[in-house]
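# Residue-level structural notes
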Amino acid sequence: MAGIVVATGFLFNFVARGVIDTYMVFILPLEAEFAWSRSTLTGVYSVYLVVAGLMSPVAGTLLDRWGPRWTYGLGLAVLAGGMGAASMTSALWQIYVFHGVCGGIAAACLGIVPAAALIGRWFDRKLSLAIAFAYAGFGSGILVIVPLAQGLIDADGWRAAYRTMSLALVALLPVLLILPWGRIARGDPTLMAARGQLPPDAVGSVAPPLSGAPTKGWTIASAMRTPEFWLLVQCFFFTACSTYSVVVQTVTFLVDKGYPPLEAAFAFGASGMLSIVGVLTSGWLAARKGFRFTVTLSFAATLVGILALLSFSYLPAAGLVLVYVLAFGVSQGARGPVISTLSARIFARGQVGAIFGAIFMTMSFGSAFGAWITGFLHDLTGGYRAAFLFSAASVVGAVSPFWYSKRLRDPGPLPWPPAPT
């Protein structure tokens, strides 16, 4: 059963991220048909990021209260409906709503927030590795579904491509319905008992201990009063800042510096592919070497990649691009399994899904801020060096909680919070 839980997380991350990121190949045909500006069209993806962040705590709350069947079912239905409606787009606001807003809602309900919460009920010491496999669905979905969407566009046009994706998502509904959601939601009884918990009920809420004052466990409000919550927020927010202040403009930067456009796109794609290796390696290392070692190593690789691009701005040598692809690519996404694991473990005695959703929301805000600051600094300075320096500083902000605080080294579940008076 534990394997089914991990496979389910992988599958729906694969589907959600792959389908939503097909927007990258819809931009050009939409621009050609409607003559909408490139900046206006790329705003759809920013809307998706913001909505996904805002909806993450909501998705976690839905999981805790209604259970995974309703949460995943809602996400899949919204995504299928959004893709189908997008095929009939005739105005700009429609693509913002159908791909941006619907995509954000679906990403929250189908993505890593519910997956990490459910996996946390089945794994303990190998939790980071299990969550890493679920995270790998992100990169795998992009690698498989995005090229397929491009092929559909080339064959029958962008409207037909949207319709085909919608029908494929509808075909997944029977798979979702037959999954043993009740068993998945209850978790491993032995593990839950070892944590001092009763098994969750059919909809996934965690019951308090049989003895002692009654309590509903950790909530978003009570978790926000703990240092652990804000340490995780700091790491996730600055991680997103460091990543998105680089990746959004990588291709443009390389082309501006004389790199062939096709090779620049290949370098960007190769770094994305390597993220799958980084995610899985991160989960494996965290289970064996600890969280601080794993996070520090991954951020060191990120910093090497950033410095390689900064050096390329002074000396445009192809070897520096290779260093960037290898170092930045293999570390991209590597912190996700660690933060997810820590959140699931620390707040195990409470509303795990809702709390992780709140933490994950700050990552989306960091992503949006990192993407914006790159353009702002470019317009201010006329180049990308300031953005790379900002990214490097964000790396320090992201890794520092693991060094100045002992609370993230190897934490167990926090005790049950005091009962309200």
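Residues numbered from 1 in each chain as written. Predicted model: local features only at pLDDT ≥ 70, side-chain atom pairs only at ≥ 80, totals over all residues. Heavy atoms only, no water.

### Some words on the overall build of the chain
Counted only if it meets this: By definition, any uninterrupted DSSP run of H or I lasting at least four residues is a helix, any uninterrupted run of E lasting at least two residues is a strand, and each is numbered from the N terminus. Radius of gyration here is computed from C-alpha atoms only, and the compact-globule reference equals 2.2 Å multiplied by the residue count raised to the power 0.38. For every residue, the accessible area (1.4 Å probe, protein chains only) is compared with the maximum for its type, and the residue is labelled buried under 20%, exposed over 50%, or partly exposed between those bounds. We call two residues contacting when some pair of their heavy atoms lies within 4.5 Å. Per-residue and other accessible areas were derived by the Shrake-Rupley procedure at a 1.4 Å probe size, with only the shown protein chains allowed to occlude residues. The positive count covers Lys and Arg only, the negative count covers Asp and Glu only, and His and the chain ends enter neither. For this purpose, a charge sits on NZ of Lys, CZ of Arg, CG of Asp or CD of Glu.
Per the secondary structure count, the chain includes 20 helices and zero strands. Taking 22 Å as the expected radius of gyration for a compact globule of 421 residues, we find that the chain reaches 21 Å, a close match to that expectation. The proportion of buried residues among the 421 residues of the chain is 57%. Long-range pairs, those at least 24 residues apart, make up 82% of the contacts in the chain between residues at least 6 apart in sequence. About 16800 Å² of surface is accessible on the chain, with carbon and sulfur atoms providing 71% of the total. Of note, the chain has its 25 positive side-chain charges centred 13 Å away from the centre of its 14 negative side-chain charges.

### Here's the deal with the environment of Tyr23
One can find Tyr23 in helix H2 (residues 23-34). For the pair Tyr23 and Trp66, spaced 43 residues apart in the sequence, the C-alpha separation amounts to 31 Å. Setting aside chain neighbours within four positions, we find Tyr23 in contact with Leu30, Leu41, Val44, Tyr45, Ile95, His99 and Tyr162.

### Points about the domain arrangement of the chain
The cut-off we apply is this: Domain start and end points were adopted from an automatic or database domain assignment. Contacts described as polar in this section are N or O atom pairs within 3.5 Å, which, within protein, must combine one atom able to donate a hydrogen with one able to accept it, while residues neighboring in sequence count only if both atoms come from side chains. Gly is put with the polar residues, along with every residue not named as nonpolar or charged; the nonpolar set is Ala, Val, Leu, Ile, Met, Phe, Trp, Tyr, Cys and Pro, and the charged set is Asp, Glu, Lys and Arg.
We note that the domain assignment places domain 1 (1-191) and domain 2 (218-416) within the chain. Summarising the inter-unit geometry, the C-alpha centres of domain 1 and domain 2 are found 21 Å apart. At the junction of domain 1 and domain 2, the tally comes to two residue pairs in polar contact (both at pLDDT 80 or more). For the side of domain 1 that touches domain 2, the secondary-structure elements that each account for two or more residues are helix H3 (38-66), helix H6 (112-119) and helix H7 (127-156). Of the residues forming the side of domain 1 that touches domain 2, the biggest block, 11 residues, is contributed by H7. Here the side of domain 1 that touches domain 2 is built from residues that sort into 17 nonpolar, eight polar and four charged.

### Things to note about H7
Put simply, the test is: Here a helix's expected span is defined as the number of its residues, less one, multiplied by 1.5 Å. Bend at a residue means the angle formed by two fitted axes: the first through the 7 residues ending at that position, the second through the 7 residues beginning there.
Its 30 residues place the ends of H7 43 Å apart at the C-alpha level, agreeing with the 44 Å of an ideal helix rising 1.5 Å per residue. Along H7, the sharpest kink reaches roughly 30°, centred on Ser140. Positive backbone phi, approximately 100°, marks Gly157, located one or two places after H7.

### So, the pattern of salt bridges
Going by this rule: Any carboxyl oxygen of Asp or Glu that lies within 4 Å of a side-chain nitrogen of Lys or Arg is treated as forming a salt bridge with it.
Under the defined criterion, the tally for this structure stands at four salt bridges. Across the pair Asp21 and Arg17 runs a salt bridge, and its minimum N-O distance is 3.3 Å. Residue Asp21 shares its accessibility class with Arg17, and that shared class is buried. Put simply, Arg159 and Glu33 hold a salt bridge, and the shortest N to O gap is 3.1 Å. Of this pair, Arg159 sits in helix H8 (residues 158-178) while Glu33 sits in helix H2, placing them 126 residues apart in sequence. Using a relative accessible area of 25% as the deciding quantity, one classes Arg159 as partly exposed. You can call Glu33 partly exposed: its relative accessible area is 43%.

### Points about a nonpolar patch on the surface
Stated precisely, the cut-off is as follows: Any residue with relative accessible area above 30% and no salt bridge may belong to a patch, with like charges joined within 9 Å and the nonpolar Val, Leu, Ile, Met, Phe, Trp and Tyr side chains within 5 Å.
Taken together, the side chains of Leu143, Val144, Leu148 and Met273 present a nonpolar region at the surface, about 340 Å² in accessible area. Considering the arrangement of structural elements, one finds Leu143 in helix H7.

### Some points on the side chain of Ser87
The residue Ser87 is located in the loop between helix H4 (68-86) and helix H5 (92-110) in this model. A distance of 2.5 Å separates a polar atom in the side chain of Ser87 from the backbone oxygen of Gly84. Once residues lying within four places of it in the same chain are set aside, the contact partners of Ser87 are Trp158, Arg159, Tyr162 and Arg163.

### Describing the packing of aromatic side chains
Rules: Centres within 6.5 Å make a pair out of two Phe, Tyr or Trp rings, where for Trp the six-membered ring is used; the pair is then stacked when the planes are under 30 degrees apart, edge-to-face when over 60, and tilted otherwise. Placement of a charge over a ring requires the Lys NZ or Arg CZ to be within 6 Å of the ring centre, with the centre-to-atom vector within 35 degrees of the ring normal.
Counted under the stated rule, the structure contains 19 aromatic pairs. With 4.2 Å between their ring centres and 10° between their planes, Phe34 and Trp36 make a pair best called stacked. For Phe34, a relative accessible area of 21% translates into the label partly exposed. The buried category is assigned to Trp36, whose relative accessible area is 15%. An aromatic cluster of at least three residues, connected via ring pairs, comprises Phe26, Phe34, Trp36, Trp158 and Tyr162. For Arg335, the ring lying beneath its charged end belongs to Phe299, and the centroid distance is 4.2 Å.

### Looking at unusual backbone geometry
For Ala35, which is not glycine, the phi torsion reads 60° and is therefore positive. With respect to the secondary-structure elements, Ala35 resides in the loop between H2 and H3. Among the residues examined, Ala35 registers a relative accessible area of 68% and is labelled exposed.

### Considerations on the packing of helix H1 (residues 2-20) against H5
Here is the rule: For helices, the fitted axis covers only the stretch in contact; all axes are lines through C-alpha atoms, and the angles between them, taken along N-to-C directions, range from 0 to 180 degrees. Reported orientations rely on four angle classes, namely roughly parallel under 35 degrees, roughly antiparallel over 145, roughly perpendicular from 65 to 115, and oblique for the rest. Crossing handedness is defined as follows: a turn of the near helix away from the far one that is anticlockwise and smaller than a right angle gives a left-handed crossing, while the clockwise case is right-handed.
Where H1 contacts H5, the two axes come as close as 9 Å, and the packing angle between them is 165°. Viewed along their axes, H1 and H5 adopt a mutual orientation that is roughly antiparallel. Relative to H5, the crossing made by H1 is left-handed. Here Phe12, Asn13, Ala16, Val19 and Ile20 of H1 come into contact with H5, specifically with His99, Gly103, Ala107 and Leu110. Looking at side-chain class alone, the contact of H1 with H5 contains six nonpolar, three polar and no charged residues.

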